[in-house]
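Residue-level structure breakdown
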Amino acid sequence: MSSDDPRQTIHDSTAPSTDTRDSRIGEGVDDRFNSKLREAFGASPFILTKFDKFMNWVRGNSMFMLQFGIACCSIEMIHTYAIKHDVDRYGAGVPRASPRQADVMIVPGTIVSKFGPRMKRVYDQMPEPKFVVGMGSCTISGGPFQEGYNVVKGAEEIIPIDIHVPGCPPRPEALIYGILKLQERIQHGESAPVVVKPYELEEFGDLPEDELIQKLAGEIDEDDLVMRYNWADSP
Amino acid sequence: MSTGIEKSEATGEEDALEALLADRAIAHDDHLNAPGFVVNPTDVQDVLTDLREEAGYDHLSCVTSQQYEDRYETIYHLTKFADRTDEVSVVVPTSLSNPVSQSAEPVFRTADWHEREAYDLVGIEYEDHPDLRRILLPETWQGHPLGGDYDQEKPQLVTLTEHENPIQPDHHDQESDTMFLNIGPHHPATHGVLHVKTVLDGETVVDVEPDIGYLHRCEEQMCQQGTYRHQIMPYPDRWDYVSAGLLNEWAYARAIEDMADIEVPEYAQVIRTMSAELCRIASHMLALGTFALDVYGEFTAIFQYTFRDREVVQDILEELTGQRMMFNYFRVGGVAWDLPEPREDFLEQTRDFLDELPAKVAEYNDMVTSNEIFQTRCVDTGVIDAETVKDYGCTGPVARGSGVDYDLRRDDPYGYYEDLEWDVITRDGCDNYARVLCRMQEVEESAKIIEQCVDLLEDWPEDERTVQANVPRTLKPDADTETYRAVEAAKGELGIYLRSDGTDKPGRFKIRSPCFSNLQALEEMSEGEYIPDLIASLGSLDIVLGEVDR
Ligand code: SF4
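Note that this is a predicted model, so its numbers are computed, not measured.

1. Concerning the site of the ligand
Surveying the vicinity of the ligand reveals 16 residues, the closest of which are Cys72, Cys73, Ser137, Cys138 and Cys168 of chain A. Those chains with residues close to the ligand are chains A and B. Among the secondary structure elements, those contributing two or more residues to the shell around the ligand are helix 5 (72-81) and helix 7 (137-141) of chain A. Of the residues that constitute the shell around the ligand, the class distribution is 9 nonpolar, 5 polar and 2 charged.

If you want it as structure tokens, here you go:
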């Protein structure tokens, strides 16, 4: 058939052509074609909403992790990727080195003041839709270092987090459980709401003037990005 | 066992030192581990030069800084590469109003970073220092957190700015152009959150400056807030966290046992020795795996193989301690509990691992060290000679790969090492290859140690299995007792300086991290080489950011 009138046959009949299939299957029950995919599509004509659902399902089953090691938890994270635990079994295996190729970020460790802005930057560089798994007590509250003068009291002060996996460090099994839970959430189209966080990157000039700002005014340009930590307000 | 140095032996030397320093030593301030001489802030370089040139103290192990109520104090912990038990401390007090002291950097290169850290965290200024800036905290930080009256509640500001090419201006007239390249802090080859500011001329590295502090978790503050008896021990696990936890715990255990004069039962020492060496194997395996990943992108074979082997070690350690990584198994005066029951099974499991190890090591040698690509990447790259190693205070496999025969397990014996048969591995290649081979062979030596420990444990009479000494529930060492004690951790000399203030918490807790000193030598290893060699050198240093930044 020439490509000039490719639609001809469809105009003729919109019924799926099942002749060949039927003759191949022969008699008897066979549900080879009642796949999950088919269930997800259903028979309804409202493609748009169903396509969303389809995309969520695809997304959940093919997560591209960001290769992102911070502290002790990252060692257990590597173990989760490596032999024995092998998170590739869940379609989340090979970590991507660049945030622009990744859609899930596991935050494995303590966030300190100097790293906060960098983590925010890496998160911002990931394309939408993106998801975050917080691994370990440090990303929940600062963990064992909660009282440290330099430690951010949980990654959620800076970026939204979808799943928290507690432990210090969580075992690989726990992380896998967390990843599975995230898959479930993604499949249901849920994700953590993006709200204004206590610590955001702002231009220095936009900050309300106070003693600290005055002191630093000579060192920092007006349009430099800064992150201000109000330790007294942290949890 | 950590009983201070032999006093009788030390006195003779002390006289000699006193004669050498003459009236530059204004007072004595002896530490448990070493005689201490108080000198004026203006005499630092003089005194250190004499100690180095005349008395042979060629290893500046650590620089401790602290603030007392009435003064600041910098302590230089000196020792000798040839004789680790021969130590001396140089104490430099400065006034609160004018905390300026002479820098030791012209004498010992390693003092550079140590003094920057002292400036950053405590607030002492060093005259003559080439580049006195903050090192761990952001440049815009206000106050010095480990100095007195620091208010932790005050807000702080951190910038996110582009870095500038530091030597662009002096290259303006030249034909070739330089390029500034940020490696990290989020980069797969930096093993964590390290930031390396690099300036390239074509593919050649002309300037490299590691920028650290992205994982500065206030470990020293945490330890100063904890009680000696139980609250400090969990933290060492988190310094060098690649399963080297027990080696780190030992550093603290050794320091406090020295300070509180606690004798550890022999049985516990054997268990300690065995479990610590297991940790060393796990740690060296990770070093090998990630190094293979760095130099020839080997994610599927070597990397996975080393992790397979690490899993086996971790299983054994989990049997013993109940944890895969953060063991918290050592106690002041011993270990937490005896081997798991049934003992035979545990010992069997350990033996199985040891039996399989030689075949695995052979396999690694087949696949890694005799691999042509690997050799091309590693042989004669990242060269650092023995003198530079000593100047930078590098220790561990980095020093031993450059032919410096220095291993605290032998040179300053502790635990049960003295009674066991094993060798210190040194190689004189001075390059990346030598460091990797050194680690591989150390794995074999560790296996020897473990094997002997297992034999000992198997035959240990049942009624002599004391796992802990009798230690009072609260430890309150006498006020102003000071000690500096080190052990051979996976990456090198891990030292702890402890000062008690009479309460049940330390007055000052300072960690001397081997990675901190080793990383400082990166510039020596990589300037003038190609950029891929820089990555290889960084990998072969085997740093752990948790320990670099603490
Ligand atoms: S939660 Fe524990 S193991 Fe994880 S990064 Fe924090 S301290 Fe390390």
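2. What about the UniProt feature "domain: NADH:ubiquinone oxidoreductase-like 20kDa subunit" (unreviewed entry) in chain A?
Mapped onto the present numbering, the UniProt feature "domain: NADH:ubiquinone oxidoreductase-like 20kDa subunit" (unreviewed entry) falls at residues 72-182 of chain A. Taken as a whole, residues 72-182 of chain A contains 32% helix and 12% strand, while its terminal C-alpha atoms sit 22 Å from one another.

3. A few points about the nonpolar core
Residues Met105 and Met119 of chain A together with Tyr76, Tyr241 and Leu519 of chain B are the most contacted members of the largest nonpolar core, which totals 199 residues. Those residues within four positions of methionine 119 of chain A in sequence are excluded, and the remaining contacts are Phe68, Met105, Val107, Ile111, Ala155, Ile158 and Ile159 of chain A. The next biggest cluster of nonpolar side chains, apart from the first, holds 18 residues, and it includes Tyr81, Val133, Ile163 and Val165 of chain A.

4. Comments concerning the environment of arginine 409 of chain B
Residue and element names in this part refer to chain B. Mapped onto the fold, arginine 409 is located in helix 12 (residues 408-411). According to the relative accessible area criterion, arginine 409 is buried, its value standing at 4%. Each C-alpha atom, one on arginine 409 and one on serine 65, is 27 Å from the other, the two residues being 344 residues apart in sequence. Contact partners of arginine 409, with chain neighbours within four places excluded, come to Glu277, Arg280, Tyr414, Tyr417, Trp422, Ile449 and Glu488. A polar atom in the side chain of arginine 409 sits 3.2 Å from the side chain of glutamate 277. Polar contacts involving the side chain of arginine 409 include one to the side chain of aspartate 407, which spans 2.8 Å.

Each value, and the rule that gives it
- Residues numbered from 1 in each chain as written.
- Chains lettered and ligands numbered in written order.
- Predicted model: local features only at pLDDT ≥ 70, side-chain atom pairs only at ≥ 80, totals over all residues.
- Heavy atoms only, no water.
- Near = heavy atom within 4 Å.
- Helix = DSSP H or I, 4+ residues; strand = E, 2+ residues; numbered from the N terminus.
- Nonpolar A, V, L, I, M, F, W, Y, C, P; charged D, E, K, R; others polar.
- UniProt positions renumbered as here; feature names shortened; annotations may be inferred.
- Core = buried A, V, L, I, M, F, W, Y, C linked by side-chain atoms within 4.5 Å.
- Buried < 20%, exposed > 50% of the residue type's maximum accessible area, 1.4 Å probe, protein only.
- Contact = heavy atoms within 4.5 Å.
- Polar contact = N/O pair within 3.5 Å; in protein donor to acceptor, adjacent residues only side chain to side chain.

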